[in-house]
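Secondary and tertiary structure notes
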Amino acid sequence: MKKIIIIFLFISAHLVAVNKHTVAFSPIQSSTVQQLDTIKVDSLKINSVVKEEAKKEVKKEVKNTKDKIVENLTPPPIWEFFSAGKIIWAIIFIIIGYLLIKFTVKLLERYAEKFTNQRITIKGIIPVVKIFGWIFIIVLIIVGVFQPPAATLIAVSASLGIAVGFASQDIIKNIFGGIIILLDRPFTVGDKIEVGSHYGEVVEIGLRSIRIVTADDSLVSIPNGELMNESVSNSNTGEANCQVVAEIYLPITVDTKRVRQLANESAQTSKYIYLNKPIYVLFFNEVKEGRSYLKMRLKAYVVDIRYEFAFKSDMTEIVMKELLQQNIIDPKDLR
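Residues numbered from 1 in each chain as written. Predicted model: local features only at pLDDT ≥ 70, side-chain atom pairs only at ≥ 80, totals over all residues. Heavy atoms only, no water.

1. Digging into the overall build of the protein chain
Looking only at helices and strands, the protein chain has eight helices and eight strands in total. Across the 335 residues in the protein chain, those meeting the buried criterion constitute 28%. Considering only contacts within the protein chain whose residues lie at least 6 apart along the sequence, 63% involve residues at least 24 apart. Summed over its atoms, the accessible surface of the protein chain is roughly 22900 Å², and 62% of this surface lies on carbon and sulfur atoms. (Helix = DSSP H or I, 4+ residues; strand = E, 2+ residues; numbered from the N terminus. Buried < 20%, exposed > 50% of the residue type's maximum accessible area, 1.4 Å probe, protein only. Contact = heavy atoms within 4.5 Å. Areas by Shrake-Rupley, 256 points an atom, 1.4 Å probe, with all protein chains shown as cover.)

In structure tokens, the structure reads:
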């Protein structure tokens, strides 16, 4: 019992001591809270000042960066990139490039003429060599010799683009037409094409125009821009051989069976014939000057497109001679 009373008294004394300590601590706690509130307000002000200073620093950095970009993009005077040495080196590169391109083209042309089957393919490479050769030389001179900064290139390109766009619209149209011809390849050098009233062999495809040689050995230049709006007929489409049609008018009473046989034999014996493809003999009725005629069309392939007109002449001469010698037609019927 004594132990219980002693423990009770000890607990009571401890509770009284705790209450006194709490009462004594309360003023101190209140003061501390006030100090904390003051510190919190001061820290908010400091954060606001720091944010304002950071914004000022960012704006300053942005302004400095913009000034540097504008300074870098402002091109220096163009004459600073020209000097006697650079101009001499540019001329040397142009001369060397011209000679290399000319030598390559001559070599390809000579090689193409030796091999009939590869002639069209090899000659189709020539315009590509010319165009990309000059592009390479120009880029080499600009980048390797003059070495202008990007700002100058942009400024000069923009100025030239505006000037060329207004002054030479037709030239630009022809250049784009030449590039499209090289990419789309509706015909190549060596093909026989018909454009409008002109028919002949393509001998050159340039950036501005193409050149064809007609049957009477005339050189005709056709702007590439016009080709974009014209129908183009290609006789051989990249092959050395092509179909040739020889036409002969005969009396309506002629024996077509004998004529067909004779025409076939005549074509097979021609030195220009390409026998890997078929020979056709067709007859059509036509009326001329009030009289009916049979128009015979002898269709055969020549071994080389360049023999087209020689084959036509050969077939007309041989067939007519044989028809008269074998009395298949009467000379009076040809009057």
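2. What about the packing of aromatic side chains?
Counted under the stated rule, the structure contains three aromatic pairs. Residues Trp 89 and Phe 93 carry aromatic rings whose centres are separated by 6.2 Å and whose planes lie at 40 degrees to one another, so their mutual orientation is tilted. Placement of the pair is Trp 89 and Phe 93 together in helix α2 (residues 84-114), with a separation of four residues, close to one helical turn. The exposed category is assigned to Trp 89, whose relative accessible area is 51%. Residue Phe 93 is classed as partly exposed on the basis of its relative accessible area, which comes to 28%. For the pair Tyr 272 and Tyr 307, a centre-to-centre distance of 5.1 Å together with 45 degrees between the ring planes defines the contact as tilted. Residue Tyr 272 is found in the loop between α7 (256-268) and β7 (280-288), and its partner Tyr 307 is found in the loop between β8 (291-302) and α8 (308-325); the two are separated by 35 residues along the sequence. (Phe/Tyr/Trp six-rings, centres within 6.5 Å; stacked < 30°, edge-to-face > 60°.)

3. Observations concerning the pairing of strand β4 (residues 219-223)
Side-chain alternation along β4 places Val 220 and Ile 222 on a buried face and Leu 219, Ser 221 and Pro 223 on a face that remains uncovered. In the sheet, strand β3 (residues 209-214) pairs with β4 via five bridges, with the strands oriented antiparallel. Paired with Arg 211 across the bridge in β4 is Ser 221. (Pairing = 2+ DSSP bridges.)

4. Concerning the sheet that holds strand β2 (residues 198-205)
Strand order in the open sheet formed by five strands is β4-β3-β2-β1-β5, and the pairing between neighbours is antiparallel. Single-partner strands in this sheet number two, and they are β4 and β5 (232-234). When the angles between neighbouring strand axes are averaged without regard to direction, this sheet yields 40 degrees. Here five bridges tie β2 to β3, and the two strands are oriented antiparallel to one another. (Axes fitted to C-alpha atoms, helices over the stretch in contact; angles between N-to-C directions.)

5. Quick notes on the environment of Glu 322
Its place among the elements puts Glu 322 in helix α8. Relative accessible area serves as the criterion here: at 25%, Glu 322 is assigned to the partly exposed category.

6. Things to note about the pairing of strand β6 (residues 242-251)
Across the 10 residues of β6, seven count as buried, placing the element largely inside the fold. As paired elements, β6 and β8 share 10 bridges and run antiparallel to each other. Looking at the pairing, Val 244 lines up with Ala 300 of β8.

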